[in-house]
Structure formats: structure tokens, C-alpha cells
Amino acid sequence: MFSYRMNHLKELESESIYVMREVAAQFERPCLLFSGGKDSIVLVHLARKAFHPARIPFPLVHIDTGHNFPETIEFRDRLVAETGARLIVGSVQKSIDEGKAVEETGYNASRNMLQTVTLLETIEEHKFDAAIGGARRDEEKARAKERFFSHRDEFGQWDPKNQRPELWNIFNGFKKMGEHFRVFPLSNWTEMDIWQYITIEDIDIPELYFSHKRKVIIRDGVILACTPFLKLRPDEKPVEMVVRFRTIGDATCTGATQSTAASKEEIVDEVAATRVTERGGRFDDKRSDTAMEDRKREGYF
């Protein structure tokens, strides 16, 4: 079984490296969208392998909501220093200050949806024609519809009913002026694949992924970390729990899970046993049944 898993992961690795090299060959100004989460960290690792011994030939782009976990920003800066990659940061706060995005109010307010405005602005400002992202088809039903090369029109919008065939992994990167592509090298990976690969390759990840004590609240079945950005309801009282995060995003909508997994091997065992998807704890996905697809149509990751 172990030999089978190793071969499976090597095949996934080879496929992802092939996709990245296709991006470098077909596009003039690509970038890699970096959230600080495990999937984007694996993408950076794969990019380093794909173009070794040269540096990664495209910049990392982080869309900063201003509501990040401190551990995420610390890890991002450490990784950039280690790899020598160029980092470009798009600021949601700047978009709000300039009147291009409107801050949500209320107890469930989040800046997660506002990232779309900042992302499209950043792509336009730097004239990126391809943005590599860490989305996987197993994450969510809308992401399961994506191709490796996912076309976006001149407004940054995605049409799930008008996608190009990718028979025999032949990718069509043709685009008109102003259009761009989102590229997903991890499309065929699962959460288990990601964690086994991280374990085997001994890839460094933020401490948020490991179990730790943290003050949290439980809101509508989702465990949310108490941060300066989270507005508490009058009846909500913070409690201390041992938790970890399966996915990392805006601190106001990223749910934690109770866990004692303190090592990569223990996380692999936990993922193997769970029946809840990693985005099951994302508060922003619960706004509607089509929340993710609606955001993707507008230009979301």
C-alpha cells in the first residue's frame, strides 16, 4: 500500500510540474496566488522543483484581507526570504479606503468576498495573464467544475458552461486582449494527497495546522477563533479549546476543528478518519448553496 501511495503521489507531482512548465511556456506574465495555506505552500514547493536550479520564474501574489492570522503572515515572510521569490501584496484595506470595495457590517461581517475586487485590481495593475492557484476539485462542488487552464474574460469572470476541453492534457492558453487564465496544477489532488505529500517531502507549514490551545466561540456550529476582527454577540462567551485549522483564510470566517493532532503523521491519520470536508468549517461557504460558484463567477480564486 505504501508503495502504491508513493507512486500515486509521484504521478500527481509530475502532472503538477508539467502544468507549471506549460504556464511558463505559454504565458508572458504569470503569477502564483499565495494564501499561506497548505495548498499554496505545496505549489511553491512544486514550483521550486519544476524550475530548479533557477528561482521560481514568477512572483507570489498574496491578497491581504487585513484580517489574517499573525502566524500566516509570519510564515509567508519567512518562506519568501527562504526562496528568494518576489512577493506582491494586494491590500483589501486599500480597496476599501479608495471606495472600490464596501466593508461589511454586523456580526457575520467578513472581508473574504472583498478579496475578489483586490485580486482583479492586482491582476490588472501588473498585467498578469495567468494566475496559478491551489484549488482542488475535491474541495467543493463549484471547484470540481474547473479545468486545469480556466479561462477568465476581460472582466475576470468565469463561465462554467463555456470551458475548453483538455484531452490528453493538451492545454489551450489562447486569449484575447485583457483576458487571463486561472491555472490549477493541484486539480486532481485530494486533501489526503496533500497531507501525505507534505509529510513525505517534510514541507514546513504554519503552526495553525497543528493542535494548540486557543480562545474560540461556537457560532452556528462553526468554531471561530477570537481575534480583534471578530465581533462577538452579547450572548457569546469565549472558551478555551484545543483546536487546529484544516484550511486557512480570513480569520473572521475560517472555522477550526477540535483535534489533538500535533504532527503531520497524526494529521494524516485524522484526515483518513474524518467524513467532513475541510471547507465544512468555512463560514463564508454557508451563506448560500451556491456561495462558492457565485464568487467564482465574479472573479474569486
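Residues numbered from 1 in each chain as written. Predicted model: local features only at pLDDT ≥ 70, side-chain atom pairs only at ≥ 80, totals over all residues. Heavy atoms only, no water.

Chemist: Whenever I open this one, the state of the cysteines confuses me. Can you help?
Modeler: Here, disulfide denotes a covalent bond that connects the sulfur atoms of two cysteines. Tallied over the full model, the rule gives 0 disulfides. Among the cysteines around Cys253, which has no disulfide bond, Cys226 carries the closest sulfur, lying 15 Å off. You can call Cys253 buried: its relative accessible area is 2%. (Disulfide = S-S within 2.5 Å. Buried < 20%, exposed > 50% of the residue type's maximum accessible area, 1.4 Å probe, protein only.)

Chemist: Can you help me understand the sheet that holds strand E10 (residues 255-258) in this one?
Modeler: Strand pairing in a sheet relies on backbone hydrogen bonds. The paired strands run either parallel or antiparallel. Here we have 4 strands rolled up into a closed barrel, ordered E7-E8-E10-E9, and antiparallel in their pairing. Between one strand axis and the next, the sheet turns by 70° as a mean value, whatever way the strands run. When strand E9 (residues 239-244) meets E10, the two strands line up antiparallel, connected through 2 bridges. Looking at E10, one finds that Val243 is bridged to Gln258. (Pairing = 2+ DSSP bridges. Helix = DSSP H or I, 4+ residues; strand = E, 2+ residues; numbered from the N terminus. Axes fitted to C-alpha atoms, helices over the stretch in contact; angles between N-to-C directions.)

Chemist: How do you make sense of the sheet that holds strand E5 (residues 149-152) when you look at a structure like this?
Modeler: Pairing is mixed across the open sheet formed by 6 strands, whose spatial order is E3-E2-E1-E4-E6-E5. The two strands at the open ends of the sheet, each matched to only one other strand, are strand E3 (87-91) and E5. Here the strands of the sheet are splayed against their neighbours by 30° on average, with no regard to which way each runs. As paired elements, E5 and strand E6 (residues 180-183) share 4 bridges and run antiparallel to each other. Across the sheet, Arg152 pairs through a bridge with His180, a residue of E6. The sheet contacts of helix H2 (residues 38-51) involve strand E1 (30-33), strand E2 (60-64) and strand E4 (130-132), and relative to E1 the element is tilted by about 140°. (Contact = heavy atoms within 4.5 Å.)

Chemist: What am I meant to see in the packing of aromatic side chains here?
Modeler: Aromatic rings in a pair are described by how distant their centres are and how their planes are angled relative to each other. Applying the stated criterion to the full structure yields 10 aromatic pairs. Taking the centre distance of 5.6 Å and the plane angle of 50° together, the rings of Phe27 and Phe181 count as tilted. Of this pair, Phe27 sits in the loop between helix H1 (2-26) and E1 while Phe181 sits in strand E6, and the two are 154 residues apart along the sequence. The burial state of Phe27 is the same as that of Phe181; both residues are buried. Taken together, Tyr18, Phe27, Phe148, Phe149, Phe171 and Phe181 form an aromatic cluster joined through their ring pairs. Here the basic side chain of Arg137 rests over the ring of Phe148, its NZ or CZ set 5.1 Å away from the ring centre. Over the ring of Tyr107 we find Lys231, and its NZ or CZ is 5.0 Å from the ring centre. (Phe/Tyr/Trp six-rings, centres within 6.5 Å; stacked < 30°, edge-to-face > 60°. Lys NZ or Arg CZ within 6 Å of the ring centre and 35° of its normal.)

Chemist: Would you explain the nonpolar core in this entry?
Modeler: Soluble globular proteins tend to pack their nonpolar side chains together in the buried interior. Membership of the largest hydrophobic core comes to 57 residues, with the highest contact counts inside it found for Leu32, Val42, Leu46, Phe149, Val183 and Trp195. The element best represented in this core is H2, accounting for 8 residues. If you count residues domain by domain, this core takes at least three from each of domain 1 (8-192 + 290-298) and domain 2 (206-286). When near neighbours in sequence (up to four residues on either side) are disregarded, Leu46 contacts Glu13, Ser16, Ile17, Met20, Leu186, Trp189 and Tyr197. In terms of nonpolar packing, the next biggest core, distinct from the first, is built from 13 residues, Cys31, Val92, Leu114 and Phe128 among them. (Core = buried A, V, L, I, M, F, W, Y, C linked by side-chain atoms within 4.5 Å. Domains from an automatic or database assignment.)

Chemist: What exactly am I supposed to notice about helix H5 (residues 115-126) here?
Modeler: Residues lying three or four places apart along an α-helix face the same way, a consequence of the helix completing one turn every 3.6 residues. Taking 1.5 Å per residue, 12 residues should reach 16 Å; H5 reaches 16 Å between its end C-alpha atoms and fits that length. Listing the buried residues of H5 in full gives Gln115, Thr116, Thr118, Leu119, Thr122 and Ile123. On an axial view of H5, the arc spanned by its buried residues comes to 165°, and they lie on one face. Trailing H5 by a residue or two, Lys127 shows a phi angle of about 55°, which is positive. (Expected span 1.5 Å × (residues − 1). Arc of directions from axis to C-beta.)

Chemist: Could you clarify how one ought to interpret helix H6 (residues 191-201) in this entry?
Modeler: Taking burial as the measure, the 11 residues of H6 include 8 buried ones, the bulk of the element. Among all positions in H6, only Glu191, Met192, Asp193, Ile194, Trp195, Gln196, Tyr197 and Ile198 are buried.

Chemist: Explanation requested: the side chain of Thr118 in the structure shown.
Modeler: When you line up the elements, Thr118 lands in helix H5. When neighbours within four sequence positions are excluded, Thr118 is seen to be in contact with Ile63, Gly90, Ser91, Val92 and Ser95.

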